[in-house]
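# Structural description and commentary
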Amino acid sequence: MTSTTPKPLDGIRVLDLTRIISGPYCTRLLADCGAEVFKIEPMGGEHMRVKEPLRGGKSAYFGHFNAGKKSIEIDFRSERDLEAIRNLAASCDVVVENFRPGVVRDLGLDHATLSKGRKDLVYCSISGFGQEGPRSRHPAYAPILHALSGHDLAAMSYAEDVDKPFRTGIWYADLIGGLFAFSAIQTALIGQLRHGAGQYIDVALMDSMINLLVLEMQEVQTPSSFDRWLATPVRASDGHVIVVPITGRIFERLADLLGHPEWKDDIRFNTQLEREKNWPVLMSLVEDWTKVRTAAKCETALMRAGIPCARYQTVAEAITDEQVTVRQLMTDVGNGPGAFKVANLPFQFSGAPLPVGSHVPDVGEHTDTVLGAARALVGAKVPTINGTNDNAEEARHV
């Protein structure tokens, strides 16, 4: 996947002041698209560098979000180092940060300060609840946002025989927030290039989660006259499959394949509206057929008949799925025992491939080459300060 064609963001420089998931995911996507991303890390490196799983003694989790970037290590308590970052920002098109609201102002790395050196700067702040409001300074880990946004209770309402919200280890809020930030930055860059104007972007993970609940937010305002149909797993002999015979033609194929042509005239199923109303009954009947067959055989037979169906795969199976392989979704990052696979962007450009960067930078690997000139501009080292910048090391990120 090599090409001499420029990537869409070649020449764009990004100052990355982010940590954990949402911000680093956003900036890695920018790097994938060709941007030169300068990841600013505290002394010793971001703490996610020790997050398991480890490959060759290094975090694959950290690497997933930071491949293809340049690492710059600074002392956030040093005014000299902070001034060097301000000088670097003047040569960048984009700044992204996900500190707790107010921290970048204390550090002198806020939009108002950095835009003085770059009038057309695109500056994106990612936080749990936005920069203003009664919750703006509240802790904002992904599970908190899943709970507050309504997502978890909505998901619970669709499940059977549960009396509390599900446990989760998938950080939807962080990932969707990073995607919205990536999208917003692209939009702002178009404005920058077309109109010469900069932009300040305020991305809230709470807002991002609520944006996922489209039908749910409409239902609470205008309830439907009957319960909506829900995608329902049905048992196979060795697992589960999902079958979606929603349209009339697909339902007729299903009835024929399962040996029940009489279903076509059954008043419970002979229109789409009636099928939706009686979806649990229909799925129970489908399960009578699937439960005596393997998931793979169910999928093969149903899909051959033109009926949407899929078996439930593990993540290990999904990343080696034949379709994933054909699309070359997975990219190798690193070398030797430390190598691991990362999913490329979920879109492909005809002009140039956009694989994940193959190298995860060591802590401060690019500090001297990138900051050497910027530090020289600052002059003699200013003594370490013990004021508001002490908060930098412990500032909460999202």
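Higher on the page you've got the structure.
Residues numbered from 1 in each chain as written. Predicted model: local features only at pLDDT ≥ 70, side-chain atom pairs only at ≥ 80, totals over all residues. Heavy atoms only, no water.

A separate point is unusual backbone geometry. In this structure, Pro53 follows Glu52 across a cis peptide bond, with omega equal to 10°. Mapping Pro53 onto the fold places it in the loop between β2 (36-42) and β3 (54-55). The phi torsion at Ile20 lies on the positive side, around 70°, for a residue other than glycine. Positionally, Ile20 belongs in the loop between β1 (13-17) and α1 (22-32). Residues other than glycine seldom take positive phi values, yet Gln328 does so here, at roughly 55°. (Helix = DSSP H or I, 4+ residues; strand = E, 2+ residues; numbered from the N terminus.)

This part takes up the packing of helix α8 (residues 172-195) against helix α9 (residues 205-212). α9 packs onto α8 with a crossing angle of 95° between their chain directions and a minimal axis gap of 9 Å. Taken together, the axes of α8 and α9 lie roughly perpendicular to each other. Here Tyr172, Ala173, Asp174, Ile176, Gly177 and Phe180 of α8 come into contact with α9, specifically with Leu205, Ser208, Met209, Asn211 and Leu212. Here the residues of the contact of α8 with α9 sort into seven nonpolar, three polar and one charged. (Axes fitted to C-alpha atoms, helices over the stretch in contact; angles between N-to-C directions. Parallel < 35°, antiparallel > 145°, perpendicular 65-115°, else oblique. Contact = heavy atoms within 4.5 Å. Nonpolar A, V, L, I, M, F, W, Y, C, P; charged D, E, K, R; others polar.)

Those residues of helix α14 (residues 295-304) lying buried are Ala295, Cys298, Glu299, Ala301 and Leu302. The elements touched by buried residues of α14 are β9 (233-236), β10 (239-243), α11 (248-257), α13 (279-290) and β11 (309-311). After α14 finishes, the residue Gly306 shows a positive phi value of roughly 80°. (Buried < 20%, exposed > 50% of the residue type's maximum accessible area, 1.4 Å probe, protein only.)

Only one face of strand β13 (residues 340-343) is buried, namely the one carrying Phe340 and Val342, since none of Lys341 and Ala343 on the opposite face is buried. Pairing geometry for strand β12 (residues 330-333) and β13, over four bridges, is antiparallel. Bridging from a neighbouring strand, Thr331 pairs with Val342 of β13. The antiparallel pairing of β12 with β13 creates a hairpin that spans six residues between the two strands, and Gly334 there sits at a positive phi of about 85°. (Pairing = 2+ DSSP bridges.)

As a further point, take the nonpolar core. Ranked by internal contacts, the top residues of the largest apolar core, which has 46 residues, are Leu30, Val96 and Ile185. With seven residues, the top contributor of residues to this core is α8. With near-sequence residues (within four places) excluded, Val96 lies in contact with Val14, Leu15, Asp16, Leu17, Thr18, Cys26, Thr27, Leu30, Cys124, Ile126 and Ile185. In this structure, Leu17, Val95, Val104 and Leu121 belong to the second largest nonpolar core, which totals 24 residues. (Core = buried A, V, L, I, M, F, W, Y, C linked by side-chain atoms within 4.5 Å.)

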